[in-house]
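# Descriptive structure summary
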Amino acid sequence: MLQQSDVPVLVDFYATWQAGPGPALWQGGTRHGLFSVAARLLSTSLPHCRRCGPCQMQSQVIDQLAPQMRGRVKFVKVDTEKYHKVASQYNIGALPTLVLFKNGQPVDRIEGLLMADQLKQRLEYFLASTSGR
C-alpha cells in the first residue's frame with residue numbers, strides 16, 4: 001500500500017496497553033482497509049483509556065486533520081505494542097512518532113506530539129515542495 005499510494009502516507013506510530021483495533025487508514029474522510037505492512041487495518045476509533053497521553057492527543061489531531069487533507073495525504077495508525085516488528089523496521093523509539101512516506105520511502109519523521117496547526121503546516125509545506133515531482 002505504501003508503494004502503490006498515489007499520495008503521501010503519514011503513519012502515526014503510537015502505543016496502547018490494551019487489546020483493541022490496529023492500524024487504520026483514512027482517505028477522503030472515510031476509513032479504508034488497504035494498509036498491509038504486516039498488519040490488518042483497524043478502525044480509527046481506538047479506545048482511549050490507558051493509552052499513552054501524547055499518543056492519545058496525536059490520535060485526535062490525526063482524526064481532525066484527515067478530512068481536511070482528503071485526497072492529498074493518507075493517514076495510517078500503527079499500534080507499536082501489537083505491531084512491534086513494523087515499528088522496529090522503521091526504528092521507532094519515541095512515541096508518538098509520525099513517519100511520512102512518498103512512493104513507499106520515508107521522507108520525513110516527527111518524534112513527539114504536534115498540534116493540528118503545526119502538523120498541517122508541515123504537511124502543506126511538504127506537498128508544496130514536492131508538487132510536480
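Heads up: the structure comes first, above all this text.
Predicted, not measured: the structure shown is a model, and the values here were computed from it. (Residues numbered from 1 in each chain as written. Predicted model: local features only at pLDDT ≥ 70, side-chain atom pairs only at ≥ 80, totals over all residues. Heavy atoms only, no water.)

Turning to the overall build of the protein chain, a few remarks are in order. Along its length, the protein chain carries three helices and six strands. Mapped in sequence order, the helices and strands of the protein chain form the string β-β-β-α-β-α-β-β-α. Counting all 133 residues of the protein chain, 48% fall into the buried class. Intrachain contacts of the protein chain at a sequence separation of at least 6 include 69% that bridge at least 24 residues. Accessible surface for the protein chain amounts to roughly 6600 Å². Of this, 50% is attributable to carbon and sulfur atoms. (Helix = DSSP H or I, 4+ residues; strand = E, 2+ residues; numbered from the N terminus. Buried < 20%, exposed > 50% of the residue type's maximum accessible area, 1.4 Å probe, protein only. Contact = heavy atoms within 4.5 Å. Areas by Shrake-Rupley, 256 points an atom, 1.4 Å probe, with all protein chains shown as cover.)

Turning our eyes to something else, we now look at helix H3 (residues 116–130). Between its terminal C-alpha atoms H3 stretches 21 Å, which fits the 21 Å expected from 15 residues at 1.5 Å a residue. Of all the residues in H3, the buried ones are Ala116, Leu119, Leu123, Phe126, Leu127 and Thr130. Taken end-on, H3 shows its buried residues confined to a sector of 105 degrees, consistent with a single buried face. The exposed set on the far side of H3, more than 90 degrees from its buried face, consists of Asp117, Gln121, Tyr125 and Ala128. On the buried face of H3, the contacting elements are strand E1 (9–14), helix H1 (53–68), strand E4 (74–79), strand E5 (97–102) and strand E6 (105–111). (Expected span 1.5 Å × (residues − 1). Arc of directions from axis to C-beta.)

As for its placement among the helices and strands, threonine 97 is situated in strand E5. By relative accessible area, threonine 97 is classed as buried at 0%.

Further remarks concern the pairing of E1. Within E1, six of the six residues are buried, leaving the element largely enclosed by the surrounding structure. Judged by which residues are buried, E1 turns out to be covered on both faces: Val9, Val11 and Phe13 on one side and Leu10, Asp12 and Tyr14 on the other are all buried. Here E1 runs beside E4; their pairing, made up of six bridges, is parallel. Note on E4: the bridge partner recorded for tyrosine 14 is aspartate 79. (Pairing = 2+ DSSP bridges.)

This part is about the packing of H1 against H3. One way to put it is that H1 packs onto H3 with a least axis distance of 10 Å and a crossing angle of 50 degrees. Relative to H3, the element H1 is oriented oblique. Crossing hand, H1 versus H3: right-handed. Residue-level inspection shows Gln58, Val61, Ile62, Gln64, Leu65 and Gln68 of H1 in contact with H3, the latter providing Ala116, Leu119 and Lys120. (Axes fitted to C-alpha atoms, helices over the stretch in contact; angles between N-to-C directions. Parallel < 35°, antiparallel > 145°, perpendicular 65-115°, else oblique. Left-handed = near helix turned anticlockwise from the far one by under 90°.)

Below, the discussion takes up the nonpolar core. Counting 17 residues, the largest nonpolar core has Leu10, Phe75, Leu119 and Leu123 as the members making the most contacts within it. Contributions of two or more residues to this core are made by H1, E5 and H3. Here this core gets five residues from one element, more than from any other, and that element is H3. Leave out the neighbours within four places in its chain, and leucine 10 touches Ile62, Val73, Lys74, Phe75, Val76, Leu98, Val99, Leu100, Leu119 and Leu123. Leu2, Val9, Tyr83 and Phe101 belong to the second-largest nonpolar core, a separate cluster that totals 13 residues. (Core = buried A, V, L, I, M, F, W, Y, C linked by side-chain atoms within 4.5 Å.)

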